[in-house]
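# Survey of secondary and tertiary structure
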Amino acid sequence: MTENSSAAPTDGKGDRQAATLEFREATKRYDGQSEPAVDELSLEVPAGEICVLVGPSGCGKTTAMRLVNRMIDLTSGDILLDGRSVTERKPAELRREIGYAIQQIGLFPHLTIADNIATVPRLLGWDKQRISVRIDELLELVSLEPSETRDRYPGQLSGGQRQRVGVARALAVDPPLMLMDEPFGAIDPINRERLQNEFLRLQHDIRKTIVFVTHDIDEAIKMGDRIAILQKGGKLAQFATPAELLMYPNSKFVEDFVGADRALKRLALQRVRDIDLWKAATVRVGEPAAEARAKIADSDLPMALLVDDGGRPLGWLSDRALGGERVERQIRSPAEPAVELDDILRDALADLLTSETRYGPVVDGRGRVAGVLSLEVIGGFLHEAPVEARSGVELVEES
Amino acid sequence: MTFDLIAQVELRDRSGAGCVAENGFCPDWIADNYERYIDPFFEHVLLTVVPVGIGFAIAFTLALMAHRRQWLVGPITGVTGALYTIPSVAFFFLLQPLTGLGNTTAIVALTCYTLLIIFRNVITGLRSVPADAKDAARGMGLTDNQMLWRVELPLAVPELLAGLRIATTTTVGLAALAFLAGAGGLGAELDRLPSFKSNVVVAGGLSVLLAAILDLMILTVQRLVTPWQRASA
Ligand SMILES: Nc1ncnc2c1ncn2[C@@H]1O[C@H](COP(=O)(O)OP(=O)(O)OP(=O)(O)O)[C@@H](O)[C@H]1O
Ligand SMILES: [Mg+2]
């Protein structure tokens, strides 16, 4: 297996630029089939973004993805990688530049994890030292302990560990484009969620252009910068960002596919800082009561939030605290739940509901009060969209 | 007949005459006569290893050809299967006009018998390679040749060596008939005193021993070259 080629690898040592990818009326018709599996698919994936191909089973997602690295050849149309048609390239060379990870993983059972990861680097003639360093780096990147993992065989790893190795192997030569076909599909929900989060964190650093295939709309919304929804026959139903897709589904098919709970799904896409919070009246012990009353009148709530000297919330002020000349330390209820600006809106809503309260103070990174999040605020956010869910569960029929 | 045997035996042996006369199992006789088996034993090794070696080279090549052109599998299986069914006596007889009497005739025939088994096992081994591993290999940019030598053949090794073991054991047995083609081997020794029990036991036993040793050797090789199989088990 070992190649001692002295040829200098074509890619530099540093990070490679992510590639742009463009489908131009890409069409695939399998031999002997009347209907195309992918039908005039046109879409552009900007460099460094995750484009998710999603849709029901058999809609042509895998086919569309495999057209990119010429595992399947186009019937008509074109696919451009960094502006250059993939049809001009030799398939084997093209594929070495494109990371490839599939649901079945396809690790080589007869090779150690290190040798599995070294596959493409060896094809490209990297020297031993460089490959060895890279293997350790990649294993750490996917949260596996190099010294424990390197010399084991795939059969000795758990499903989740194998999946990580699959991703590491696909990343081996730092490819400018990655193709991933249901890469977390064969894993239990808990581990899948972990891998998804890890992968998003990883992507935040490596900024690859990624084509990610899944049939799970929730995964699509979570992972995608853009989502292409395909329908049977390989037709593009809609290509949009997750938020757009949830707010403005362009057809009954997309609406049904994203699900009746799409309003709730939108909450998963937003952070607390993204929406207009209520203004809070923050007062300190010893402040003139009149001033405090003025603040309350100016705020969106009929009560004030008592804060300490650092602006951190202590609790909701009782009316009796304003009875005297100065604000006294009298708390009606604790400042719970503690919501942070960076929290996902859906999680913040869940916090409110668990605390059985209609509102809660929001704090910034240093713990200072930044506003108040209430059920009304969230409701208002959900109503911003033209097609909207009243309760967040029921859909109002379009026109 | 019995008289002939005892006369023959007694020419070389006096010590265990009683045992020999009764045509029993005679350790003394064996101890005195073991030397007569040494050359035939090594001839037998040759009659096994050479046909299996040549047969492997041919069948392996055929299997690689058929792997790329699956339509060849049927015809090749047919031809090698037909060769496999020819009775050895008939085979030796048919070959005689071409190769005369002696080792060559025996080796040609024995080689032909190994083809079917080895060919079939290599094909089975190549077909048993997991589709996902092949897909990943192709997706990572391995050429057909790289895929064959780095992925498919290594993964076919267990099946391939299993075929080699069967072929070897079978050939050890068939080589015992090589004397019919005028070759040596343990069969020739057996044939010299076919109804003398001690001879039959020693010649037959050596042939079984040879089969076991060769089998063990291939098994050892298999263990050495397929460490992943034990690791995953
Ligand atoms: N090699 C092939 N030959 C003929 N038809 C094929 C082939 N591969 C796929 N198809 C057909 O093309 C269509 C699209 O298949 P594809 O595998 O791309 O779907 P998919 O969206 O990935 O589905 P899934 O979610 O089930 O993986 C299907 O109708 C399928 O039957
Ligand atoms: Mg698929």
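Residues numbered from 1 in each chain as written. Chains lettered and ligands numbered in written order. Predicted model: local features only at pLDDT ≥ 70, side-chain atom pairs only at ≥ 80, totals over all residues. Heavy atoms only, no water.

## Section: the overall build of chain A
Selection criterion: Helix and strand assignments come from DSSP, with helices taken as H or I runs of at least 4 residues and strands as E runs of at least 2, each series counted from the N terminus. Here the term buried applies to any residue with accessible area under 20% of the maximum for its type, exposed to any over 50%, and partly exposed to those in between, with areas from a 1.4 Å probe on protein chains only. Throughout, a residue-residue contact means that at least one pair of heavy atoms, one from each residue, lies within 4.5 Å. Only four residue types enter the charge count, namely Lys and Arg as positive and Asp and Glu as negative; His and the chain termini do not. The atom standing in for a charge is NZ when the residue is Lys, CZ when it is Arg, CG when it is Asp and CD when it is Glu.
Secondary structure summary: chain A contains 15 helices and 17 strands in total. Principal axes of the C-alpha set define a box for chain A whose edges measure 85 × 55 × 35 Å. With 399 residues in all, chain A has 51% of them scored as buried. The contacts of chain A with a sequence gap of at least 6 include a subset with a gap of at least 24, amounting to 62%. Side-chain charges of chain A comprise 51 positive and 65 negative groups, with the mean position of each set lying 3 Å from the other.

## A few points about the confidence of the model for chain B
Note: predicted coordinates in regions of low pLDDT should not be interpreted at a detailed level. Residue and element names in this part refer to chain B. Selection rule: Scored between 0 and 100, pLDDT is the confidence that the predictor attaches to each residue.
When pLDDT is averaged along chain B, the result is 88; 92% of the residues meet or exceed 70. Put simply, helix α1 (residues 2-12) is where chain B has its lowest mean pLDDT, 51, and helix α8 (residues 131-139) is where it has its highest, 96. In the predicted complex, the global pTM is 0.79; the interface-specific ipTM is 0.84.

## Description of the layout of surface pockets
Remark: the empty space left among the atoms is shown by a probe the size of a water molecule rolled over them. All names here are of chain A. Our working definition: A 1.4 Å probe that fits but cannot get out identifies a cavity on a 1 Å grid over protein atoms alone, an open set with protein on both sides within 12 Å along at least five of seven lines counts as a pocket, and a residue lines either if it has an atom within 4 Å of a point. Grid points are joined across faces, edges and corners, and a volume is the space filled by probe spheres set on the points. Residues are grouped as follows: Ala, Val, Leu, Ile, Met, Phe, Trp, Tyr, Cys and Pro are nonpolar; Asp, Glu, Lys and Arg are charged; every other residue, Gly included, is polar. What marks off one domain from the next here is an automatic or database domain assignment.
Put simply, the largest pocket is a space of about 960 Å³. Around the largest pocket, the lining comprises 29 residues; the ones closest to its centre are Leu200, Ile221, Lys222, Met223 and Ala268. With eight residues, the top contributor of residues to the lining of the largest pocket is helix α8 (residues 189-206). Partitioned by chemical class, the residues of the lining of the largest pocket number 10 nonpolar, six polar and 13 charged. Mapped onto the domain boundaries, the lining of the largest pocket takes at least three residues apiece from domain 1 (21-97 + 175-269) and domain 2 (273-382).

## Points about the site of ligand 1
Residues and elements named next belong to chain A. Our working definition: Throughout, the term near means that a residue has one or more heavy atoms lying within 4 Å of the molecule or strand in question. For this analysis, a polar contact is any N or O atom pair within 3.5 Å, provided that within protein one partner can donate a hydrogen and the other can accept it, and provided that sequence-adjacent residues contribute only side-chain to side-chain pairs.
If you check the shell around ligand 1, you find Tyr30, Gln33, Ala37, Ser57, Gly58, Cys59, Gly60, Lys61, Thr62, Thr63 and Glu182 and nothing else. Interatomic distance of 3.5 Å between a side-chain N/O atom of glutamine 33 and a nitrogen atom of ligand 1. Interatomic distance of 2.7 Å between a side-chain N/O atom of lysine 61 and an oxygen atom of ligand 1. Partitioning the shell around ligand 1 into residue classes produces three nonpolar, six polar and two charged.

## So, the packing of aromatic side chains
Residues and elements named next belong to chain A. As a reminder, the rule being used: Pairing of aromatic rings covers Phe, Tyr and Trp, the last through its six-membered ring, and needs centres within 6.5 Å; plane angles under 30 degrees mean stacked, over 60 mean edge-to-face, and all others mean tilted.
One pass over the structure, following the stated rule, counts 10 aromatic pairs over all chains. Measuring from centroid to centroid gives 5.3 Å for tryptophan 316 and tyrosine 359, while their planes differ by 85 degrees, and the two rings are edge-to-face. Linking tryptophan 316 in strand β13 (residues 313-317) with tyrosine 359 in strand β16 (residues 359-363), this pair joins segments that are 43 residues apart in sequence. On the basis of relative accessible area, tryptophan 316 is assigned to the buried category, the value being 2%.

## Description of the sheet that holds β16 of chain A
Residue and element names in this part refer to chain A. To keep things clear, this is the line we draw: If DSSP finds at least two bridges between two strands, the strands pair. To obtain each axis, a line is fitted to C-alpha atoms, and for helices this fit is confined to the stretch in contact; angles are then taken between N-to-C directions over 0 to 180 degrees.
Strand order in the open sheet made by the three strands is β15-β16-β17, with mixed pairing throughout. The two strands at the open ends of the sheet, each matched to only one other strand, are β15 (339-340) and β17 (369-374). The strands that helix α14 (residues 345-354) touches are β15, β16 and β17; relative to β17, the one it contacts most, it runs at about 75 degrees.

## A short note on the nonpolar core
The condition is simple: In this text, buried Ala, Val, Leu, Ile, Met, Phe, Trp, Tyr and Cys residues form a nonpolar core when linked through side-chain atoms within 4.5 Å.
Ranked by internal contacts, the top residues of the largest apolar core, which has 61 residues, are Ile117, Phe199 and Ile229 of chain A. In this structure, isoleucine 229 of chain A is in contact with Val54, Ile217, Lys235, Leu236, Ala237, Gln238, Leu245, Phe253, Val254, Phe257 and Val258 of chain A, ignoring residues within four places of it in sequence.

## Quick notes on unusual backbone geometry
Glutamate 336 of chain A connects to proline 337 of chain A through a cis peptide bond whose omega is -5 degrees. Mapped onto the elements of the fold, proline 337 of chain A is located in the loop between β14 (331-333) and β15. A positive phi angle, near 65 degrees, is found at isoleucine 105 of chain A, a position not held by glycine. Owing to a relative accessible area of 11%, isoleucine 105 of chain A belongs among the buried residues under this scheme. Even without glycine at this site, asparagine 23 of chain B takes up a positive phi of about 55 degrees.

## Here we look at a nonpolar patch on the surface
Note the cut-off: Patch rule: a residue counts if its relative accessible area is over 30% and it has no salt bridge; like charges are joined within 9 Å, and nonpolar side chains (Val, Leu, Ile, Met, Phe, Trp, Tyr) within 5 Å. For every accessible area listed, the method is Shrake-Rupley and the probe measures 1.4 Å; residues are considered covered only by the protein chains on display. What makes a salt bridge here is a side-chain nitrogen of Lys or Arg within 4 Å of a carboxyl oxygen of Asp or Glu, nothing more.
Side chains of Tyr34, Ile38 and Phe42 of chain B sit close together on the surface and give an oily, nonpolar patch of about 320 Å² of accessible area. When you line up the elements, tyrosine 34 of chain B lands in the loop between α3 (27-33) and α4 (35-68).

## Things to note about the packing of helix α12 (residues 262-269) of chain A against helix α15 (residues 375-383) of chain A
Residue and element names in this part refer to chain A. In plain terms, the rule: For this classification, under 35 degrees means roughly parallel, over 145 means roughly antiparallel, 65 to 115 means roughly perpendicular, and everything else is oblique. Whether a crossing is left-handed or right-handed is set by the direction in which the near helix is turned from the far one by less than a right angle, anticlockwise for left-handed and clockwise for right-handed.
Put simply, α12 and α15 touch, their axes get as near as 10 Å, and they point 110 degrees apart. What the angle tells us is that α12 and α15 run roughly perpendicular. Handedness of the α12/α15 crossing: right-handed. In this structure, α12 uses Ala263, Arg266 and Leu267 to contact α15, whose residues at the interface are Ile378, Phe381 and Leu382. The residue makeup of the contact of α12 with α15, split by class, is five nonpolar, no polar and one charged.

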